[in-house]
Every structure is written in C-alpha cells, then in structure tokens.
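Structural characterization, general
The primary structure of each chain is shown beneath.
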Amino acid sequence: MNFTKYLVLNLYGPKMWIVFLLIWGLIIGTESSTLTSQPEMEANAIYNSGWWNTSHGYYNISNRCNWGQISCNKAGSIIQINIDRFYSGWGISFGTLNLSTFHNLETLVITNARLQGTIPKEIGLLSKLTFLDLSKNSLVGEIPPSLGNLTQLKHLDISYNLFNGSFPITITGIGLIIHLDLSSNSFKGEVPHLIKNLRQLEYLDISYNYIDGSIPFDELGFLKNLTKLSLSNNRLKGEIPSSLGNLKKLEDLDISFNKIEGSIPLELGFLRKLTTLDLSFNRLNGNLPISITNLTQLKFIYISHNYLRGSLPSNLGQLSNLQILYLNNNSFSGTFPISLNNLTQLKYLNTIDLSHNNISGEIPSTLGGFRHLLLNNNNLTGTIPQSICNITDVDISYNYLRGPIPFCVKPYAVIGNKDVCTNSYYNRIYFHFHACSPGNKVNHHVAIFLPILIVLILAFSSLVCFKLCNNSIKKNNGNTMTTKNGDVFCIWNYDGKIAHDDIIRATEDFDMRYCIGTGAYGSVYKAQLPCGKVVALKKLHGYEAEVPAFDESFRNEVKILSEIRHRHIVKLYGFCLHKRIMFLIYQYMEKGSLFSVLYDDVEAVEFNWRKRVNIVKGVASALSYLHHDCTTPIVHRDVSSGNILLNSEWQPSVSDFGTARLLQHDSSNRTIVAGTIGYIAPELAYTMVVSEKCDVYSFGVVALETLMGRHPQELLSSLQLASTQNMKLCEVLDQRLPFPNNAMVLLDIIRVAVIAFACLNFNPSSRPTMKRVSQSFATELTPLTIPLSEISMQQLMSQEFKALFHILNH
C-alpha cells in the first residue's frame, strides 16, 4: 500500500501541486483585487462624473486624494468630498456622480456649486455619512425616502434650493442629527409630530417655506438641546404654547412673518440663554409680558408689527446686553419707560424703535450713548430736550411736541409737530415751521385751560364719530363716515378708517382716472387729500392679496421703508391693512419714473447732463446708505430706471422695496431670482445668492442707461468685440442732447461712465462697493488732457481710468 501511495505521489504530485498553486494564486489575487477595487471604483466615478477637468494637470485622477476638494483614508478610499463655490461650465448634475461607490464617505459638501437635478436615491447607501451639506444649489423635487437610511448623519443642510413637497418626514428617523437646515425651499404642509424623535437636535431652521398649520411646540418641547429655532416666513398659525419654556438652552428664536395669534406666554421668561427674539410681523395681542425682563442675555428684540398694547414693562432696563429693540408698529401706550432711559447709557445699545405706537408724555431729558432713536408717530408732548443731540440718528416726527428745535436735529425728523419752532429761514420756508418768538409768552391760565379744552373737544368728536360709524354700519348702502380728517398720518395711530374715507373720496373709490401706473403687485394712484396734500397710493388688488407672494412683498415693503430714512429713498407716509383693502401711502413724485422721462423725447431734452449726473449721484448715495449705513444691510434686488422716481426738482428717490432683502452676513442669502429683466446681475442666473454686488451691477446698468438715453443691452452684449471697445464715448451718449461744453460737466459724464463699467464687471468681487462709488462722486477731480471725443470704451474700462476716478476695488 505504501508503495502505491509513493507511485501516486510521484506520478500525480507535480501536477496536483501546480493545480494547488493556481487555486491559491486565484484566492490571493481575488483578495488583492478586493483591496484595490474600492479606490478604483471611486476613481472611475469621479472621472465619469465630468465635474472635474481631469485633462488639467492639477486634476490628475491618480492624484485625486491630494485635490483640495477630496480627502482619502490611508487605504486611498475617499472619505470626504468638499465643494464650495465650484464652477465647472454652467452647472453640474447630481445624476452623473455614482454615489453607490463611495462606501467610506463620511462628509459630502456640495454648496454654491450650481448643482442641478434631484437627490439620487443611492444616497441612502452612504452608511458612514455624518455630514451632508447641499445648500445654495438648484436641486429640485422631493427628498428621497432613502435619506432616512443615513443613521449616522449628524449635520444636514439642504437650504436655498428648489425642493418641494411635504416636510420630509424620513428625516425624523435620523436620531443622531444635531444640525438640520431646510430653509429657503418650497416645502409645504405641517411640521410632523415625529420631529420630537430628533432628541439630539441643536439647530433647526425651516424658515422661508410654505409650512402651515399650528406650531407643534408640544413636540418641539422634547428637543431640549435646541439652541436655534427658526420658523420664520411661513404660514404658521395658532398660539405660542407655554411648552416653549422647556427649551432652556435656546439662544435664537425666530417665528416672524407668520400668522401667530394670541398673547406672548409668560413662560418665555424661562429661556434665560436667549440672545435673539424675533416675533415680528404676526398677529400677537395682549401685553408684553414682564417676564421678558428676566432674559438678561437678550441682545436683539424684534416684536414689531403686531397688535400688542398696554404699557411697556417698567424694568426693561434690566436687559443690560440689549443692542436692538424693535417694538414699533404696535399699540403700546403709557409713557416712555424710565428704565429705557437707563438703557440709553449702555455701551452696547444701538437702536430703540418705538415708532407708530401710542406712547405719550415727554421725552426724557437725559438721553444718549447710542445710535438710533425712533419715536415718530406717537403722542409725545412737551419740548425737545437738548440731550437728544447725543444720539446720531433720531426721528420724533408726527407727535405733539412744541418749542424750539435743537440745532442738531434734522428738519425731517420733527415734521408733523405743529407747535415746534425754529429761527432758520430755510427750515421755515421748506418745512413750514413756525418762527420762535421769545416775546410771545402765553398766559399761564390759558396754558392750563387750552389743553383741557382740546381734550374735551376731542372726546366729544370721538363720540360723534362713534355714533356716525354705528349708524353707517346699520345701513346696507355702505355709506362711509362723514367726518373729515385729512391727516394721512392718522393711519399709523388709528385703524385707518378715517383717513381711508378721505382717500376713497379723493380717488372716487380708486377710479381708473386717478391711476398713474401699475407695479408688480398693485396699481398706483394720485390723490389730493382734503388738507391739500398730494400723495401717491399703491393699492394691492383684492385678488392679489390672496396670493402669498404679493402679500409678502407688500408686507416686506412696509417693513423696509418704515425702518429706513434717506433723502433719496421714497418716503412711506403710512399704510392701511384692511381685509377689504390694502394700500401704501407715499410722497408724490411729480416727474414720474426715470424710465418714463428717458423714453419721452420732450422730457429727455429738458433732462440735461447736469441733472442726469445728479440723478446717478443721488441713487448711488441711497444704495450706499442701504448697504453700509443700515443696522442690517439691505439689498434692494430690483434697481432699475422704472423704480427710480423724480420729483419736480429732478431729485431722485429709489422706490419699490417689495423684493428687498435684509442681508445677514453670517448666514446664507439664497433666494428666488427677483428683479427686472435687463438689470439682474449675471451671477444670479446660476447661484441665486443675493449680495450687495447684485445691486451694484443693476446700478451700473441704470447709470449707463441715464447717459445713453436707452437701455445699454446691445452695447453690453457686444462689449468684448474689438469694434465696440474702439467705439468712442461720445458716440453712445444720448444724441437728443447737445454735446456738453462745460469742462466740469464733461468730467462728471466721464466719471459716471467709468463707474458704470466698473459696476458692470462680470465678476462680482471685482465690482466696487456702493460706498466707494458714492465716495468717488464726492472727490474733486483734475481735468483730463484728453478730449471727450477721443475717449474709447476700452479706456473707460482700463485700470488707469478707474484709478483716476478713485473707483478701484481695494
């Protein structure tokens, strides 16, 4: 038997050994293939995506782990893809990247990259993913259910996209998530009750969507780790429940621009770490709870545009960290709180806005130490204290103040106070103030008796008006009140009914004969009130009021214009928000829009070069104010010749703030593209991220249009051609005007052209700021040696000319 085995081994052994080696080699080879296939598969996916220009030396596919946007583990497998502001052609598509190959991926960031398409369902295969940021793109559709498979996910940001459908309930199954941002999309429906499952959540932002229903605060009360909660700019309704007080770690609460009703709960005072509170633009009523003064960490309070009433808490001075206090456009009464006077001494305080309330009494005699104080449209009495000069920007207009106007107060800040006086001849003529007469003393008894008599007369008048109003309600013929008021500003202090009747009469119930134009969401009417004042009325039509976009634009315009003041920004006198009618009341601009003047051959000739340059300067000043001098920078988003109005003195006012946006530099500013075609900055076509530089581009178009007398689209589209660059400036100027012969006017025209082309730079970062533009206009220039007739388009865009006119972007 042993001999037989020996023969077998000798006869067959070598062959069996070869077979054994082949099998072993296949096993080892398979294992080796397994080790290398994952990186190779990922390399193929990266190569086939077309996102990177792999023909470029830097993007050599074999060196992918050293690209700035990709990180790998020690085995060469990709664990991180981070793309921020990535430009590849005209956008990248999610569908071209095979996500199923990236089994080790932990971080996926594709933001501000013009990413298009839908989120692939294969994203659910990325089982190790902990960080996902797809914000500021153009993604559409609904969130795939497979996203719920990412059980390790801690950070999810899909804000500033075009997602729609219901609130993505699949997200509520990701129990480890800490940061969730769904803002600035088109999600609708209610917030699901299952949101209470996200117990680790610290940051929740679902603002700027179409979420409706009641706020599920009972469920949100389980999220005890929340530090930021933003539900603003939705369609939420109902009341704020007391369970909100459970969120003891909350630092930032924003439920503004909704339809929240009821009172502010006392339990709000439990949120001791709160630094920002925004309840503005809702339907809140009742008193401001005294418990709010327990929130000593508060820096920013925004509770404007509600229906709050009663006196302000007497101990608001406890809020020692306060920087901004907006309580305007409510029905607060009582006197200016003494504790707020203490606040004015705090080094952090920037703004107090109590305008458009029913605050009475006198202005405290000790004020100062901060920037803005807005007390306009109240019932303040007494004299104007000299301490008001300690405040940078003050508005005490439309009260019942009397006596001399301090030298430091701008005239527009005290208009509407009938008994103030000044010895300035200019201010008396242009603002209709009385002259101060030191010899004109009032009898002491008269001074006491007169106010009492006025109060009695007002009380009697109120009773008569009340009786007339009741009678009119009982009638079915719809007769309006017969009492005339004529003071348009009463719309701020009352409910708008008295002034409303004057306006109905003045426009014959908004007859089309009084219509002077139409805008994006309303018609504009000219009305002469009984007092003789002529105003412009922008009326929102009934059917438009039902459209959320129009209603939001209307409210946005009220918010913006009620908080800013500039001589070249249209003045908002008041507004009326009735269910049956909604309108804004502006100063009337006799010349109409810049667009209408430029395209009218008769008026265009009267619109000479000096006037045109001054128009451009004025608009630059207004935009500089919006971008750089407001507490929160404001981007207009629709600067065009149609939105620049001119008065009888050819002074411009920037108007139409329905699409304006407050710019938060510490957050994203993505939005749906808004504006007028032909004036929109090119980057908005693919990023939709709003910045001040969008307004700068639009300003450049308007400036060039003002010089040319027509829209510069044809010139801009051919600017890269040699024939256009060699074209002379004098050839593109408005040929309806005579050639300018004044040296300084010539210099100003060239300056406007240089600034315009600098603002029209395709690269936003290369455009100057509006502050630099405005400063350039204020700089004295040395006359040029080269005549206007020889200056070409190419020279106007050169660095040499930009430096000469102080418009280089440093």
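That block above? That's the structure.
Residues numbered from 1 in each chain as written. Predicted model: local features only at pLDDT ≥ 70, side-chain atom pairs only at ≥ 80, totals over all residues. Heavy atoms only, no water.

1. Overview of the pairing of strand 21 (residues 307–311)
Cut-off, in case you're wondering: Strands pair, by our definition, only if DSSP identifies at least two bridges between them. Helix and strand assignments follow DSSP, with helices taken as H or I runs no shorter than four residues and strands as E runs no shorter than two, numbered in order from the N terminus.
Where strand 19 (residues 285–286) lies against strand 21, 2 bridges are found, and the strand directions are parallel. Each bridged residue has a counterpart across the sheet, and for Asn285 the counterpart in strand 21 is Tyr307. Pairing analysis gives 3 bridges linking strand 21 to strand 23 (residues 331–333), with the strands arranged parallel. Of the residues in strand 23, the one forming a bridge with Ser311 is Ser333.

2. Describing unusual backbone geometry
Keep this limit in mind: Each residue gets one of three labels from its accessible area relative to the maximum for its type: buried under 20%, exposed over 50%, partly exposed in between, using a 1.4 Å probe on protein chains only.
The backbone of Arg114 shows a phi angle near 55°, a positive value even though the residue is not glycine. Structurally, Arg114 is set in the loop between strand 4 (107–111) and strand 5 (115–117). Since its relative accessible area comes to 4%, Arg114 is described here as buried. Positive phi, normally seen in glycine, also occurs at Tyr160, with a value near 55°. Summarising the element assignment, Tyr160 is placed in the loop between strand 8 (155–157) and strand 9 (162–163). Residue Tyr160 is classed as buried on the basis of its relative accessible area, which comes to 5%.

3. Here's the deal with the pattern of salt bridges
What counts, and what does not: For this analysis, a salt bridge means a side-chain nitrogen from Lys or Arg found within 4 Å of a carboxyl oxygen belonging to Asp or Glu.
Within the structure shown, the criterion is met by 8 salt bridges. Between Asp734 and Arg736 there is a salt bridge, with the nearest N and O atoms lying 2.9 Å from each other. In the salt-bridge network here, residues are joined through shared partners; they are Asp601, Arg612, Asp734 and Arg736.

4. Regarding the nonpolar core
We count it as follows: Among the buried residues, those of types Ala, Val, Leu, Ile, Met, Phe, Trp, Tyr and Cys that are joined through side-chain atoms within 4.5 Å form a nonpolar core. In what follows, a contact means two residues having at least one pair of non-hydrogen atoms within 4.5 Å.
Counting 106 residues, the largest nonpolar core has Phe94, Ile110 and Ile303 as its most contacted members. Elements supplying a minimum of two residues to this core: helix 1 (2–49), strand 2 (78–84) and strand 4. The element contributing the most residues to this core is strand 2, with 3 residues. For Ile303, the residues in contact, after removing those within four places along its chain, are Ile264, Leu277, Leu279, Ser280, Leu288, Ile292, Leu308, Tyr326, Leu327 and Asn330. Counting 79 residues, the second largest nonpolar core, distinct from the first, contains Leu561, Leu594, Leu684 and Leu760.

5. Notes on the environment of Val409
Mapped onto the secondary structure, Val409 falls in the loop between strand 29 (402–404) and strand 30 (419–421). On the basis of relative accessibility, which here comes to 7%, the residue Val409 falls in the buried class. Taking the C-alpha atoms as reference points, Val409 and Val394, separated by 15 residues in sequence, lie 7.5 Å from one another. Those residues in contact with Val409 that lie beyond four places of it in its chain are Ile388 and Val414.

6. Points about the packing of helix 12 (residues 609–629) against helix 18 (residues 770–777)
Geometry of a packed helix pair, given as the angle between the helix axes and the separation of the axes. Short version of the rule: To define axes, lines are fitted to C-alpha atoms, for helices over the stretch in contact only, and angles between the resulting N-to-C directions are given on a 0 to 180 degree scale. Should the near helix be turned counterclockwise from the far one by less than a right angle, the crossing is left-handed, whereas a clockwise turn marks it as right-handed. We call Asp, Glu, Lys and Arg charged. Ala, Val, Leu, Ile, Met, Phe, Trp, Tyr, Cys and Pro are nonpolar, and the rest, Gly among them, are polar.
For the pair helix 12 and helix 18, interaxial distance at closest approach is 8 Å and the crossing angle is 140°. Handedness of the crossing formed by helix 12 with helix 18: left-handed. From helix 12, Val616, Lys617, Ala620, Ser621, Leu623, Ser624, His627 and His628 reach across to helix 18, where they touch Met770, Lys771, Val773, Ser774 and Phe777. Taken together, the residues of the contact of helix 12 with helix 18 break down into 6 nonpolar, 5 polar and 2 charged.

7. Focus on the pairing of strand 15 (residues 235–239)
Two elements, strand 13 (residues 210–214) and strand 15, share 3 bridges in a ladder whose sense is parallel. In the strand pairing of strand 15, Ser214 is matched with Lys237. Summarising the sheet, strand 15 and strand 17 (residues 259–261) pair through 3 bridges and their orientation is parallel. From the neighbouring strand, Glu239 faces strand 17, where its bridge partner is Glu261.

8. Things to note about the environment of Arg371
What counts is decided by this rule: Pairs of N or O atoms within 3.5 Å make up the polar contacts considered here, provided that, within protein, one atom can donate a hydrogen while the other can accept it, and that residues adjacent in sequence are counted only when both atoms are side-chain atoms.
By secondary structure assignment, the location of Arg371 is in the loop between strand 25 (360–362) and strand 26 (372–374). We classify Arg371 as partly exposed; its relative accessible area is 33%. A C-alpha to C-alpha distance of 4.8 Å links Arg371 and Thr392, two positions 21 residues apart in sequence. Each residue touching Arg371, except ones within four places of it in the same chain, is listed here: Leu349, Asn350, Ile391, Thr392, Asp393 and Asp629. At a separation of 3.3 Å, a polar atom in the side chain of Arg371 contacts the main-chain carbonyl oxygen of Asp629.

9. Looking at helix 17 (residues 743–759)
A turn of α-helix holds 3.6 residues, and therefore any two residues three or four places apart point the same way. Stated precisely, the cut-off is as follows: To estimate how far a helix should extend, the number of its residues minus one is multiplied by 1.5 Å.
For helix 17, built from 17 residues, the straight-helix expectation of 24 Å at 1.5 Å per residue is met to within 8% by its first-to-last C-alpha distance of 24 Å. The element helix 17 is largely enclosed, with a buried count of 15 among its 17 residues. Here helix 17 starts with a cap whose side-chain oxygen sits 2.9 Å from the backbone nitrogen of Met744, and that cap is Asn742.

10. Considering the side chain of Asp133
Test applied: Positive charges are assigned to Lys and Arg, negative charges to Asp and Glu, while His and the chain termini are left out of the count.
Within the secondary structure, Asp133 sits in strand 6 (residues 131–133). One buried charge, Asp133, has no salt-bridge partner; the nearest side chain with opposite charge is Lys136, at 7.2 Å. Once residues within four sequence positions are removed from consideration, Asp133 is found in contact with Leu108, Val109, Ile110, Thr111 and Asp157.

11. Notes on the sheet that holds strand 13
Hydrogen bonds between backbone atoms are what pair the strands of a sheet, whose relative direction is either parallel or antiparallel. Across the sheet, 4 strands lie side by side as 11-13-15-17; this open sheet has parallel pairing. Bordering the open sheet on either side are strand 11 (188–189) and strand 17, each of which pairs with just one other strand.

12. Here's the deal with the sheet that holds strand 23
Pairing is parallel across the open sheet formed by 3 strands, whose spatial order is 19-21-23. The open sheet has two edge strands, strand 19 and strand 23, and neither has a second partner.

13. Here we look at the state of the cysteines
Worth spelling out the cut-off: Cysteine sulfur atoms that pair up within 2.5 Å are treated as a disulfide.
All told, the structure shown has 3 disulfides when counted by the stated rule. Each sulfur in the disulfide pair Cys65 and Cys72 lies 2.0 Å from the other. Taking the sign of the S-S torsion, -85° for the link of Cys65 and Cys72, the bridge is left-handed. For the protein chain, the bonded cysteines connect in the pattern 1-2, 3-4, 5-6 when numbered consecutively along the sequence.

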